Amino acid sequence: MSTISKVAERAGVSRTTVSHVLNHADRVSQPLRERVLAAIDELGYKPNPQAQSLRTGRTNIVAILIPDILNPYFTELVKTLQTEIERSGMDTLVFNTDVPGGHPELHGREYLKQLSRKRVDGAIVADFALHGMLDQIEKIDVPTVFIGSLHGQSADSVALDDFGGGYLMGQHLVGAGHRRIAHVTGPRAFKESAARSAGFDKALADGGITIDPALRFEGSFLQPSGREAVRWLFEKHGGALPSAVFFANSLMAIGALTEFYDRGVKVPGDIAVAAFDIIAQLEYVRPRLTTVGNSPEVLARTATKMLLDRLGGKVEPAPRREVIPCVLMEYETA
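Residues numbered from 1 in each chain as written. Predicted model: local features only at pLDDT ≥ 70, side-chain atom pairs only at ≥ 80, totals over all residues. Heavy atoms only, no water.

1. Points about unusual backbone geometry
- With an omega of 5 degrees, the peptide bond running from Val-267 to Pro-268 counts as cis.
- Within the element layout of this structure, Pro-268 appears in the loop between helix 10 (250-262) and strand 9 (272-276).
- The omega angle of the peptide bond from Arg-286 to Pro-287 is -5 degrees, so this bond is cis rather than trans.
- Position of Pro-287 among the secondary structure elements: in the loop between strand 9 and strand 10 (290-293).
- Not every positive phi belongs to a glycine, and Phe-221 is a case in point at roughly 75 degrees.
- Mapped onto the fold, Phe-221 is located in the loop between strand 7 (216-218) and helix 9 (223-237).
- The phi dihedral of Asp-277 falls on the positive side, at around 115 degrees, and the residue is not glycine.
- Inspection of the secondary structure assignment puts Asp-277 in the loop between strand 9 and strand 10. (Helix = DSSP H or I, 4+ residues; strand = E, 2+ residues; numbered from the N terminus.)

2. Comments concerning the pattern of salt bridges
- In this structure the tally under the stated criterion is 15 salt bridges.
- Its salt-bridge partner being Arg-320, residue Asp-156 comes within 2.7 Å of it at the nearest N-O pair. With Asp-156 in strand 5 (residues 156-160) and Arg-320 in the loop between helix 11 (296-311) and strand 11 (321-324), this residue pair connects regions lying 164 residues apart in the sequence.
- Assessed through its relative accessible area of 3%, Asp-156 is described here as buried. (Salt bridge = Lys/Arg side-chain N within 4 Å of Asp/Glu carboxyl O. Buried < 20%, exposed > 50% of the residue type's maximum accessible area, 1.4 Å probe, protein only.)

3. What about the sheet that holds strand 6 (residues 181-185)?
- Ordered in space as 7-6-8-9-10-12, the 6 strands form an open sheet in which the pairing is mixed. Whereas interior strands pair on both sides, the edge strands pair on one side only; in this sheet they are strand 7 and strand 12 (327-329). Recorded for the sheet is a direction-independent mean angle of 15 degrees between the axes of neighbouring strands.
- Note that strand 9 and strand 10 share 3 bridges and pair parallel. Among the inter-strand pairings, Phe-276 is bridged to a residue of strand 10, identified as Val-292.
- Running at roughly 165 degrees to strand 6, helix 8 (residues 191-206) makes contact with strand 6, strand 7, strand 8 (244-247) and strand 9 of the sheet.
- Here helix 10 sits on the sheet in contact with strand 6, strand 8 and strand 9, set at roughly 160 degrees to strand 9. (Pairing = 2+ DSSP bridges. Axes fitted to C-alpha atoms, helices over the stretch in contact; angles between N-to-C directions. Contact = heavy atoms within 4.5 Å.)

Laid out in C-alpha cells, this is it:
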C-alpha cells in the first residue's frame, strides 16, 4: 500500500510538501504541485479523508448549487467548476434546486441545511438556484461566491453585464435595418431578465424605434416557451410578422427555431432570430444563432478563483463583485 512517504520520495520532495499539496494547495507552486500529483497518480496513493479533515479542520469539499441540471448552460458551468476546483486538490458536491420544477425554496432550504451538516469548506451558488430566498446567502457560514446579480453584496459575486448584452444586441438588430422587432423576455421576477430587456429597449430607443408592448411576450427561459412565443406571434401578428425577434436566452430561441421550421417559416429569410447566451450546444444548432453573452466557462473560472482566493485568505473581508462583459457572436440568423 502506498504511503505519503513513498509519494514524497517519488516526487523528490518532503512529506510536508506532499501534505501542502493535499491540504493547502495554494501554498505550493503549480510546477511542484503537478509533480506531486503525478507521483500520487503513479503510486495510486489514496489520502484518508477523515484523517485529513481531523488534522486540518477542512473537508476539501466545495458545494455547487444550480437551478436546473437539464439546462446546458448550467451543465457547462458545473463541468468547468468541477475541473477548476479539482485542480486545486478539492472535491465538489452538486445540488440541483429544481427551479423550473417549482421547488426552489423547498429544495434550497434543505440543501442549505445539508451544507452545514456536511461541513463543506466553501460554496458557489449559480443564479436562480436560490430564487426567492437570496436573503439566505448571507447566512451561509462558509466562504461563498454567487454567480449572478446579487443585491446588497452579502457575498463575493461575479455576473454578466446583462444590460450591456441586451444593448449590444439591440444595436446590432437596429443596425441591420430592423424596425419591427419582437422581444421574448425571461420571467419578470428575475433581475437578469429585467436587465436584458432594459438594455435592449435602450438600444432601440437610441436607434429611434418606439417600443411596442404588443411585440412583447414573457417566456420562461425554457425551450417550450420558445415554441409558445412563435404561436403567439402568429396569433397576434400572423398577417404581418415582425422582421426580427430577440429571445432572452438560447433555450427559448432553439424552441422557436423548431416551431418556425414546422410552420415552414424560413430563418432568416422570413424572420431574423437572435438570442442571449453563448453555450457550446449552439455549435450544433442550424441555422447558427446570432447570440450575445459570454461562455459559462468564463464565469466558472472567475468564480473559482474568487473562492480559492477567499479560502486562502488572499483578499480583504469586504465582498467583491466582478462584471463580465458580453460579446456578440454574429451568424446567419440575424
